[in-house]
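Observations on the model geometry
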Amino acid sequence: MMDAETQEIFRQEAEALMEALQEGLLVLKDTPDDLEVVAGVFRALHTIKGTGAMFGFSRLASFVHNFEAAFEAVRSGNAVVTPELINVALTAYDLIADLLEGGEPDPSRDAELTAALSAATSGEAAPAVAAASVADAAAAPAEIKEWDLRFRLPQDFMEIGGNPIAMLDELREVGGETTMVRPLTDRLPRIAEMDARAIYTGWQVILPGTLKESVIRDVFMFHEDQMELSLDPVHAEASAAEVAAPAAPAEAAPAAPAAPVVEAKPATKEASKPTKAAAAPVAQLRVAADRVDLIMDRVGELVIAEARLAAIANQLENEALHSVVEDIQRLALGLRDSTMALRMTPLSSIMGRFRRLTHDLAESTGKTFDFVVEGEETELDKTVVEKLTDPLVHMLRNSVDHGLEGPEERAEAGKPERGLVKLSARHAGAEVVIEIIDDGRGMNEEAIRKRAIERGLLTEDSDVPRSEILKMVLEPGFSTAAQVTALSGRGVGADVVKQAIEALNGTIEITSEPGQGTNFTLRLPLTLAIIEGLLIGVGTERYALPLLAVEQILELPEKLAANDEATGVIELNNELVPVLRLNKVFNRQSATSEHQKIVIVGTNDTRVGLIVDEIIGTNQTVIKQLSPLHSRLKIFSGATILGDGCVALILDVLHLVSLGQDIEQRLKGNAA
């Protein structure tokens with residue numbers, strides 16, 4: 001039995017395989033005839049089984065072997081993908097995930113699911129078109145004279161510790177004395193262009209037809225996805241000349257007409273496709289998240305130290321020292337960007353679980369709908385991505401359970417039978433915008449208002465904008481559901497979403513039209529580590545603004561300079577923009593500067609102007625979290641340490657824009 005540390009390595013390696021397995025099963029639900037996806041599912045199962053057995057997960061390996069057998073039947077054309085098979089396979093996936101997490105589910109589940117998988121692949125009749133191929137497939141193994149294997153290993157195979165000689169020896173051991181090996185030398189470069197560490201040779205291996213395909217492929221268990229490989233059965237009718245072409249490349253496998261029975265088998269057609277190797281393979285290195293966090297902390301301290309050094313250099317006015325400081329600044333900036341890239345994670349890393357969630361929701365609610373994902377490649381700080389999972393799960397559940405109507409209700413409303421739930425993500429300046437959209441019944445404003453009055457959140461004569469009323473569903477314990485279901489109705493979940501998003505310095509916007517659907521919009525900071533900041537002066541204090549949120553810097557108009565009010569408006573590009581005088585907002589009593597500026601900051605389509613006393617310059621801003629006492633001040637999103645050792649608070653642009661919107665609403669109310 002492997003030790004705990006080694007088993008943990010396997011669990012980490014298995015994560016990507018499990019993600020690919022679940023993704024493949026969900027794709028097959030919609031495209032059951034896609035043989036490439038079937039082959040991908042089979043490969044994932046095959047690798048999980050082999051590595052699981054090697055790392056001491058004997059129960060897992062035994063169960064996955066039976067799981068794999070079900071998809072081998074599909075791959076060979078003896079079974080077809082059905083909704084029943086997908087449902088059982090997803091339940092089997094859950095069992096594997098439980099075993100990987102170290103759980104000990106009831107052993108009887110293994111046998112139950114194995115029997116269910118067997119029934120799902122043996123009880124469904126094949127289509128009439130495929131009947132002949134299935135019959136031929138059943139008889140094909142007896143007609144296989146030998147196996148024609150051709151493979152090419154990655155050029156850096158030996159650099160990463162591989163041993164092609166050991167692999168060939170294993171093939172000889174599997175095949176016995178009749179095994180024949182021939183080199184494929186058609187890709188040898190000129191001697192002057194050769195790299196002594198690279199592999200340019202491929203191999204053709206002729207193996208006995210009595211061997212099972214899975215036994216041969218097991219030799220390449222850990223490398224098949226990174227190499228070129230074709231494995232074709234040669235039947236008794238095929239001529240020896242067609243098999244023995246030693247110089248033929250892997251791509252030029254014997255043509256299908258020489259073996260018509262093979263052409264009719266989906267599995268053989270799939271197997272004959274060589275696995276595409278990447279043109280320039282990139283080595284992957286798995287590193288524990290806490291180590292990356294530690295590096296990020298050290299880079300942050302380096303940035304602060306570099307700023308202090310630059311401040312000292314400016315005081316000493318030494319050219320040689322300035323030159324060294326510039327080099328250090330350049331290196332620190334490059335190190336910062338490289339480390340930030342390590343922390344950035346695409347949203348696709350968590351999208352798989354949402355596809356599975358919507359599949360299960362469709363099963364449990366009986367509602368039919370399409371789940372569309374856009375912007376999976378959008379990257380966010382890994383800390384943000386990790387904390388997004390639970391909020392998005394709650395919101396998707398509510399979109400399906402509360403938002404979408406049942407088939408009969410949709411038909412009465414003149415809507416398509418299938419609903420739509422869309423999850424999209426995109427970058428917008430210094431933010432990432434995530435939207436959860438459904439085309440359901442929409443929110444009932446009157447029902448929300450009534451419930452808010454019952455709970456004392458509103459009074460009967462309250463005049464509250466529709467957007468604020470809709471946001472009340474995010475209050476703890478707030479629910480308008482007529483009955484409690486297994487998915488929703490208790491009023492817990494929406495407030496969890498609100499707390500989680502606010503903890504990430506983000507905001508939630510809700511728009512909804514009765515009968516048309518609801519749109520939840522999350523706005524989140526791109527990163528929680530290091531940003532480019534604009535340093536501003538207000539009185540004797542200094543503050544930082546995220547530079548990506550800054551749109552313009554303007555001279556303060558005379559009309560506003562003469563007005564000492566805390567708020568105001570300016571006309572910018574034929575649009576009225578609310579303005580905040582920060583020395584009034586922060587209650588700074590010191591004399592104001594004669595050369596005040598207006599900094600225009602914005603998020604999405606909303607902007608606000610900030611009147612400041614001084615524009616100090618840009619700097620790399622290392623974000624430090626505020627203490628619990630100060631974190632309640634929503635106008636600040638964090639703090640940073642400047643080059644002189646002083647602390648500057650980082651202004652929360654989202655909160656400033658919200659204050660500007662309040663000013664705009666008041667002005668409209670006064671005008672009315």
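All of the points below concern the structure found in this document. None of these values were measured; they are calculated from a predicted model. Counting restarts for each chain, with residues numbered from 1 along the sequence as it is written. For this predicted model, a pLDDT threshold of at least 70 governs which residues receive local features, and a threshold of 80 or more governs which side-chain atom pairs are given and counted, while totals over whole chains, interfaces and linings are taken from all residues. Working from all heavy atoms in the structure, the side-chain values ignore hydrogens and water.

**A few points about the sheet that holds strand S13 (residues 541–546)**
The following threshold applies: When DSSP finds two or more bridges between two strands, those strands count as paired. Helix and strand assignments come from DSSP, with helices taken as H or I runs of at least 4 residues and strands as E runs of at least 2, each series counted from the N terminus. Angles shown run from 0 to 180 degrees and are taken between the N-to-C directions of axes, each axis being a line fitted to C-alpha atoms and, for helices, limited to the stretch in contact.
The strand order S19-S12-S13-S21-S20 describes an open sheet built from five strands, whose pairing is mixed. Either end of the sheet is taken by a strand with one partner, and the two such strands are strand S19 (614–622) and strand S20 (636–641). Here the strands of the sheet are splayed against their neighbours by 35° on average, with no regard to which way each runs. Alignment of S20 against strand S21 (residues 647–651), held across five bridges, turns out to be antiparallel.

**Some thoughts on empty space enclosed by the protein**
Heads up, the condition is: Cavities and pockets are defined on a 1 Å grid built over the protein atoms alone: a cavity is a set of grid points where a 1.4 Å probe fits but cannot escape, while a pocket is an open set with protein on both sides within 12 Å along at least five of seven lines, and lining residues are those with an atom within 4 Å of any such point. Grid points are joined across faces, edges and corners, and a volume is the space filled by probe spheres set on the points. Asp, Glu, Lys and Arg are counted as charged, while Ala, Val, Leu, Ile, Met, Phe, Trp, Tyr, Cys and Pro are counted as nonpolar; the rest, among them Gly, fall into the polar class.
This structure, assessed with the given rule, holds one cavity of 30 Å³ or more. Taken together, Leu560, Asn563, Glu565, Ala566, Thr567, Gly568, Val579, Leu580, Arg581 and Ile611 make up the full set of residues lining the largest cavity. Every element with two or more residues in the lining of the largest cavity is listed here: strand S15 (567–571) and strand S16 (576–581). Considering each element in turn, the lining of the largest cavity owes the most residues, three residues, to S16. When the residues that make up the lining of the largest cavity are grouped by side-chain class, the tally is five nonpolar, three polar and two charged.

**Considering the pairing of strand S12 (residues 530–538)**
Put simply, the test is: Accessibility here uses a 1.4 Å probe with only protein chains present; expressed as a share of the type maximum, an area under 20% marks a residue as buried, one over 50% as exposed, and anything in between as partly exposed.
The buried count for S12 comes to eight of nine residues, which makes it a mostly enclosed element. Across six bridges, the pairing between S12 and S13 is antiparallel. Bridged to glycine 537 within S13 is arginine 542.

**Digging into the packing of helix H3 (residues 58–75) against helix H4 (residues 83–100)**
The condition is simple: Should an angle lie under 35 degrees it is considered roughly parallel, over 145 roughly antiparallel, and from 65 to 115 roughly perpendicular; all remaining angles are considered oblique. Each crossing gets its handedness from the near helix: less than a right angle anticlockwise from the far helix is left-handed, clockwise is right-handed. For this analysis, residues touch if any pair of their heavy atoms sits within 4.5 Å.
Running from N to C, H3 and H4 cross one another at 160°; their axes reach a closest spacing of 11 Å. The orientation of H3 relative to H4 falls into the category roughly antiparallel. In this structure, H3 crosses over H4, and the sense of that crossing is left-handed. Two secondary-structure elements touch here, H3 through Arg59, Leu60, Phe63, Val64, Phe67, Phe71 and Val74 and H4 through Leu85, Ala89, Ala92, Tyr93, Leu95, Ile96, Leu99 and Leu100. Here the contact of H3 with H4 is built from residues that sort into 14 nonpolar, no polar and one charged.

**A closer look at a nonpolar patch on the surface**
Worth spelling out the cut-off: Two distance rules govern patches: like charges are joined within 9 Å, and nonpolar side chains (Val, Leu, Ile, Met, Phe, Trp, Tyr) within 5 Å, applied only to residues with over 30% relative accessible area and no salt bridge. Residue-level accessible areas treat just the shown protein chains as cover; the underlying method is Shrake-Rupley with a 1.4 Å probe. When a carboxyl oxygen of Asp or Glu lies within 4 Å of a side-chain nitrogen of Lys or Arg, that pair is called a salt bridge.
A cluster of nonpolar side chains, contributed by Leu188, Ile191 and Met194, occupies part of the molecular surface with about 310 Å² of accessible area. Along the polypeptide, leucine 188 turns up in the loop between strand S2 (180–184) and strand S3 (202–208). The exposure class of leucine 188 is partly exposed, given its relative accessible area of 40%.

**Let's talk about the nonpolar core**
For soluble globular proteins, the rule of thumb is that nonpolar side chains tend to be buried together. What counts is decided by this rule: Side-chain atoms within 4.5 Å are what join buried Ala, Val, Leu, Ile, Met, Phe, Trp, Tyr and Cys residues into a set we call a nonpolar core.
Core analysis: the biggest nonpolar cluster contains 46 residues, and Leu347, Phe354, Leu388, Leu392 and Ile434 have the highest contact counts within it. With eight residues, helix H15 (residues 382–403) is the largest single contributor of residues to this core. Other than its neighbours up to four places away in sequence, leucine 392 contacts Ile350, Phe354, Leu423, Ile434, Ile436 and Leu522.

**Some remarks on the side chain of aspartate 613**
Condition: We count Lys and Arg on the positive side and Asp and Glu on the negative side, and we leave His and both chain ends out. Contacts described as polar in this section are N or O atom pairs within 3.5 Å, which, within protein, must combine one atom able to donate a hydrogen with one able to accept it, while residues neighboring in sequence count only if both atoms come from side chains.
Within the fold, aspartate 613 resides in the loop between strand S18 (606–612) and S19. With no salt bridge to any partner, buried aspartate 613 finds its closest opposite charge in arginine 581, at an N-O distance of 7.0 Å. Within the structure, aspartate 613 has its side chain in polar contact with the side chain of glutamine 596 (distance 2.8 Å).

**Quick notes on helix H12 (residues 289–316)**
Rules: Expected helix span is taken as 1.5 Å per residue step, with the number of steps being one fewer than the number of residues.
Over its 28 residues, H12 extends 41 Å from the first C-alpha to the last, a length consistent with the 40 Å expected when each residue adds 1.5 Å. Restricting attention to buried positions, one finds in H12 the residues Val292, Met296, Val299, Gly300, Val303, Ile304, Glu306, Ala310 and Ala313. Against the buried residues of H12 lie helix H13 (319–343), S12, S19 and S20. Directly after H12, the chain includes glutamate 317, whose backbone phi takes a positive value near 55°.

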